[in-house]
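# Structure assessment
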Amino acid sequence: MQELANHFIAWANENAHPLKSFETADFNDLAFLEKAVGCARLVTLGESQHYTKEFNAITSRIFEFLVSKMGFSVFVYETPFVQALRVDEYVQGGDLTLEQACREGITEMFGGWKEIRSMVRWMREYNLTHPDKPRLHFYGADIGCEGPSRTLAYILDYFKVVDPEYAENYLKILKKSQTYTIFNYADLPAEERDEFTSCMARLQTRLEAMAPIYAIKSGKSAWSRAHQASRNAVKIAVWFDTYLETGSPEETDSVRDGCMAENLEEEGSDCRLLYHSHSEHIRRQMKGNRYLQAGIHLDFLLGKESTVSIACMSYLNLRPDDICPKNCLQYTLSQVSQEDYLLDLRNLPEGSKAKKWVGQERADRLSTNFTTANVLESYDIIAFTRRPL
């Protein structure tokens, strides 16, 4: 086994693209991405560990490169769709501060990072200084792990504009939903759960049935956003019901990841975009028998040729004393001579011992846990660092 690993390390030493820095504005070390990304309309960029300066910084650099050199215009984050519209309002030059946008529009703890805030500020400044270029947008793909209330409030705010009398019918369920979470949903009376599920479906149906009239009153873009929010609301209800019925985190997460993929399909229908989330979501290899990650859904919805998957990995994690065991993927990656590098696994020679090693199931660290994965099936490119996170 070590012999095969040595063949992979030798190949990686010859083919790794060193990263000069996680923060510099010089894009020379990222130039190979022009060929690696090619005509793909979506780049999924995963991180094995949330809440790290290094992964946030490389994400920002890669997005700025894709915008500046390849015509990408949309950044999508693992944050709820409705909340993220506040960040996009700021990016479009809206009358709110960066602090407000990140506090109200990005999942708690994600929006506080300096690197993410700097990127959001850069997006706003880019729009102001490049009026001749396609406008940059910031969107969210998630359905809202904290509950449905903000999504439902957004939908009802739209109805108050286009159909105020209809909105009145749902104010009661809006108030109740402020306490709903996936964990306390089973404690609700069955009648209340049924009412919630029914309300979400009726709101979506109403938006679709009245689309021609509503779109005239509000503009088609506003209707499209409300409709997308209603689809998310229905998915939240299905998400809750799935956990209630199955008790299976894997089946439940498949609903969430499927919704992420559908949001990405909607948001990237006429542009090129980067999606940043945990690597667990962008994986293309099914976990267990029930968890279909967003990466699998995206290959189904868009076609595998339309997506390039990049996974950020590290030798160390947020626990400084948690060293990778020798059978772990990250341990072997750390034996490559470069400290920080990008490596395109699609360039491995067919039939080579290096590719045979990569194509085997082995321990892969996600956050502070280890899971088993075939990295060759899961991702296209690895972004690796030996730095402490």
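Structural notes, computed from the coordinates. (Residues numbered from 1 in each chain as written. Predicted model: local features only at pLDDT ≥ 70, side-chain atom pairs only at ≥ 80, totals over all residues. Heavy atoms only, no water.)

## Some thoughts on the sheet that holds strand 2 (residues 42-47)
- Taking strand neighbours across the sheet as the criterion, the 8 strands line up as 1-7-10-6-2-5-3-4 in an open arrangement whose pairing is mixed. Every other strand in the sheet has two partners, leaving strand 1 (17-18) and strand 4 (137-142) as the edge strands with one partner each.
- Across 6 bridges, the pairing between strand 2 and strand 5 (residues 273-278) is parallel. In the sheet register, L42 faces strand 5, and the bridge partner there is L273. (Pairing = 2+ DSSP bridges. Helix = DSSP H or I, 4+ residues; strand = E, 2+ residues; numbered from the N terminus.)

## A closer look at helix 5 (residues 98-105)
- Along helix 5, the residues that are buried comprise L98, A101, C102 and G105. An end-on view of helix 5 places all buried positions within 95° of arc, on one side of the element. (Buried < 20%, exposed > 50% of the residue type's maximum accessible area, 1.4 Å probe, protein only. Arc of directions from axis to C-beta.)

## Digging into the pairing of strand 7 (residues 340-344)
- Here strand 7 lies mainly inside the structure; 5 of its 5 residues are buried.
- Along strand 7, one buried face is formed by D340, L342 and D344 and the opposite face, lined by Y341 and L343, is buried too.
- Sheet topology places strand 1 next to strand 7; 2 bridges connect them, and they run antiparallel. Bridged to H17 within strand 7 is L342.
- Note: strand 7 against strand 10 (residues 381-385), 5 bridges, orientation antiparallel. If you follow L342 over to strand 10, its bridge partner there is A383.

## Things to note about the pattern of salt bridges
- For the structure shown, the criterion picks out 22 salt bridges.
- Among the salt bridges present, the one from R231 reaches E262, with a minimum N-O distance of 4.0 Å. In this pair, R231 is assigned in helix 12 (residues 220-246) and E262 in helix 13 (residues 249-267), connecting sequence segments 31 residues apart.
- Taken together, the shared-partner salt bridges connect R86, E89, E99, R103, E104 and R117 into one network. (Salt bridge = Lys/Arg side-chain N within 4 Å of Asp/Glu carboxyl O.)

## Remarks on the side chain of D344
- Position of D344 relative to the elements: it lies in strand 7.
- For D344, the side chain forms a polar contact with the side chain of R346, separated by 2.9 Å.
- Among residues more than four places away in sequence, those in contact with D344 are W11, F32, A36, D380 and I381. (Polar contact = N/O pair within 3.5 Å; in protein donor to acceptor, adjacent residues only side chain to side chain. Contact = heavy atoms within 4.5 Å.)

## Regarding the packing of helix 7 (residues 149-162) against helix 11 (residues 211-218)
- Across the interface, helix 7 lies against helix 11 with an axial gap of 9 Å and an inter-helix angle of 85°. Considered as vectors, helix 7 and helix 11 are oriented roughly perpendicular to each other. Every residue of helix 11 that contacts helix 7 at Y158, F159 and V162 is listed here: Y214, A215, K217 and S218.
- Looking at the contact of helix 7 with helix 11 residue by residue, the classes come out as 5 nonpolar, 1 polar and 1 charged. (Axes fitted to C-alpha atoms, helices over the stretch in contact; angles between N-to-C directions. Parallel < 35°, antiparallel > 145°, perpendicular 65-115°, else oblique. Nonpolar A, V, L, I, M, F, W, Y, C, P; charged D, E, K, R; others polar.)

## Quick look at the packing of helix 4 (residues 81-91) against helix 12
- The N-to-C vectors of helix 4 and helix 12 enclose an angle of 145°; their axes lie 10 Å apart at closest approach. Contacts from F81, V82 and L85 in helix 4 reach R225, Q228, A229 and N232 in helix 12.
- Tallied by class, the residues present in the contact of helix 4 with helix 12 amount to 4 nonpolar, 2 polar and 1 charged.

## Observations regarding the environment of K304
- When you line up the elements, K304 lands in the loop between helix 15 (294-302) and strand 6 (307-314).
- K304 sits 264 residues away from A40 along the chain, and the two C-alpha atoms are 9.2 Å apart.
- When near neighbours in sequence (up to four residues on either side) are disregarded, K304 contacts R284 and D299.

## Overview of the nonpolar core
- By size, the foremost hydrophobic cluster in this structure holds 80 residues, and its most contacted members are F8, F159, F196, L203 and M313.
- Per-element accounting of this core gives the leading share, 8 residues, to helix 12.
- Those residues within four positions of F196 in sequence are excluded, and the remaining contacts are P148, I173, Y180, Y185, I236, A237 and F240.
- In terms of nonpolar packing, the next biggest core, distinct from the first, is built from 48 residues, L19, L33, V308 and I310 among them. (Core = buried A, V, L, I, M, F, W, Y, C linked by side-chain atoms within 4.5 Å.)

## Quick notes on the packing of aromatic side chains
- Counted under the stated rule, the structure contains 22 aromatic pairs.
- The interplanar angle of 75° and the centroid separation of 5.7 Å between the aromatic rings of F27 and F65 together place this pair among those described as edge-to-face. Remark: F65 occurs in helix 3 (residues 53-70) and F27 occurs in the loop between strand 1 and helix 2 (33-37); sequence separation between them is 38 residues.
- Among the residues examined, F27 registers a relative accessible area of 15% and is labelled buried.
- Ring centres of F159 and Y214 lie 5.7 Å apart, and the angle between their planes is 90°; on these two criteria the pair is classed as edge-to-face. Remark: Y214 occurs in helix 11 and F159 occurs in helix 7; sequence separation between them is 55 residues. Note on accessibility: F159 and Y214 belong to one class, buried.
- Site record: aromatic cluster; members linked through ring pairs are F63, F75, Y77, W122, Y126 and F138.
- Just above the ring of Y166 sits the side chain of R206; from NZ or CZ to the centre is 4.3 Å.
- Across from the ring centre of W357, 3.8 Å away, lies the NZ or CZ of R362, which sits over that ring. (Phe/Tyr/Trp six-rings, centres within 6.5 Å; stacked < 30°, edge-to-face > 60°. Lys NZ or Arg CZ within 6 Å of the ring centre and 35° of its normal.)

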